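# Chains, contacts and geometry: an overview
Single-letter residue listing:
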Amino acid sequence: MWEALQLEFMRNALAAGLLVSLICGVLGTLVVVNRIVFISGGIAHAAYGGIGLGLYFGVSPALGATLFSVAISMGMGVASIKSKERADTIIGVMWALGMALGIILTELTPGYNVDLMSYLFGSILAVPASDLWQMGAIGAGVILVVAWYYNDLLAMS
C-alpha cells in the first residue's frame, strides 16, 4: 500500500479526499440539522448550468459553475421567501432548469465537446496540486467562518 503513495497523483488524491471530508464534515452537519439537504442538492446539480455557460462562452467551467451556483442560490432564497409555492417545489424547478441549461449549452458549444460525465462525476485521481491549494484555502475559510459564527449558527439551528 505504501508504494502507491510514491506516485504524485495518489498523494494528491489522498490529500483531496481528506480536505473534502473535512469541509463536508463541518458543513454537512449544519445542512442536515437545518433540514436543507434538498437545497444543497439543488445548488450542486444546478451548477452544471454554469459549466455549460462557461463552455459556451469560452470561460473557465469552474468559474461559470461558481458564479451560476451563487446566482441560483440567491434566486432560490428570494423565490422561497416571496413565493406562495413550497420551497422544495422552487428548488426542484431550479435544479432541473440548471441541469437542462447545462446539457443544452454543452451540446451547442462549437468545436470538440468534452465528456459530459467528466464534469458530473470527475476523477479524484486527476486532482492537480493547484486544486489542492484552492481546496485548502476554501477549507480554512469555511472552518474560520463556522468557528466565528458558531454561536449564531447554533442558535439558528
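The present account deals with the structure reproduced in this document. Because the structure is a prediction, the values reported are computed rather than measured.

Procedures and definitions
- Residues numbered from 1 in each chain as written.
- Predicted model: local features only at pLDDT ≥ 70, side-chain atom pairs only at ≥ 80, totals over all residues.
- Heavy atoms only, no water.
- Core = buried A, V, L, I, M, F, W, Y, C linked by side-chain atoms within 4.5 Å.
- Buried < 20%, exposed > 50% of the residue type's maximum accessible area, 1.4 Å probe, protein only.
- Contact = heavy atoms within 4.5 Å.
- Helix = DSSP H or I, 4+ residues; strand = E, 2+ residues; numbered from the N terminus.
- Expected span 1.5 Å × (residues − 1).
- Arc of directions from axis to C-beta.
- Phe/Tyr/Trp six-rings, centres within 6.5 Å; stacked < 30°, edge-to-face > 60°.

Looking now at the nonpolar core. Note that soluble globular proteins tend to have their nonpolar side chains buried in a common cluster. Formed by Ala46, Phe68, Ile72, Met76, Ile90, Ile91 and Met94, the largest nonpolar core amounts to seven residues. For isoleucine 90, the contacting residues outside a window of four places in its chain are Ala79, Ser80, Ser83 and Glu85. Counting six residues, the second largest nonpolar core, distinct from the first, contains Ala47, Tyr48, Leu55 and Met99.

All right, on to helix 4 (residues 87-108) then. Along its 22 residues, helix 4 runs 31 Å from first to last C-alpha, staying within 8% of the 32 Å computed at 1.5 Å per residue. Within the sequence span of helix 4, burial applies to Ile90, Ile91, Met94, Gly98, Met99, Gly102, Leu105 and Thr106. Buried positions in helix 4, seen along its axis, are confined to an arc of 160° and lie on one side of it. Facing away from the buried side of helix 4 by more than 90 degrees, the exposed set consists of Val93, Leu97, Glu107 and Leu108.

Another aspect to go through is the environment of glycine 42. As for its position among the elements, glycine 42 is in helix 2 (residues 37-57). Sequence separation of glycine 42 and tyrosine 119 is 77 residues, and the distance between their C-alpha atoms is 16 Å.

With respect to the element layout, leucine 101 can be found in helix 4. For leucine 101, a relative accessible area of 30% translates into the label partly exposed. Each C-alpha atom, one on leucine 101 and one on leucine 63, is 16 Å from the other, the two residues being 38 residues apart in sequence. Once residues lying within four places of it in the same chain are set aside, the contact partners of leucine 101 are Gly49, Leu53 and Phe68.

To continue, consider the packing of aromatic side chains. Scanning the entire structure with this criterion turns up two aromatic pairs. On the basis of an interplanar angle of 35° and a centroid distance of 5.4 Å, the ring pair of phenylalanine 38 and tryptophan 95 is categorised as tilted. One end of the pair, phenylalanine 38, is in helix 2; the other, tryptophan 95, is in helix 4, and 57 residues separate them in sequence. For phenylalanine 38, a relative accessible area of 38% corresponds to the partly exposed category. Ring centres of tyrosine 56 and phenylalanine 57 lie 5.1 Å apart, and the angle between their planes is 85°; this geometry places the pair in the edge-to-face category. Since its relative accessible area comes to 37%, tyrosine 56 is described here as partly exposed. The class for phenylalanine 57 is exposed, based on a relative accessible area of 59%.

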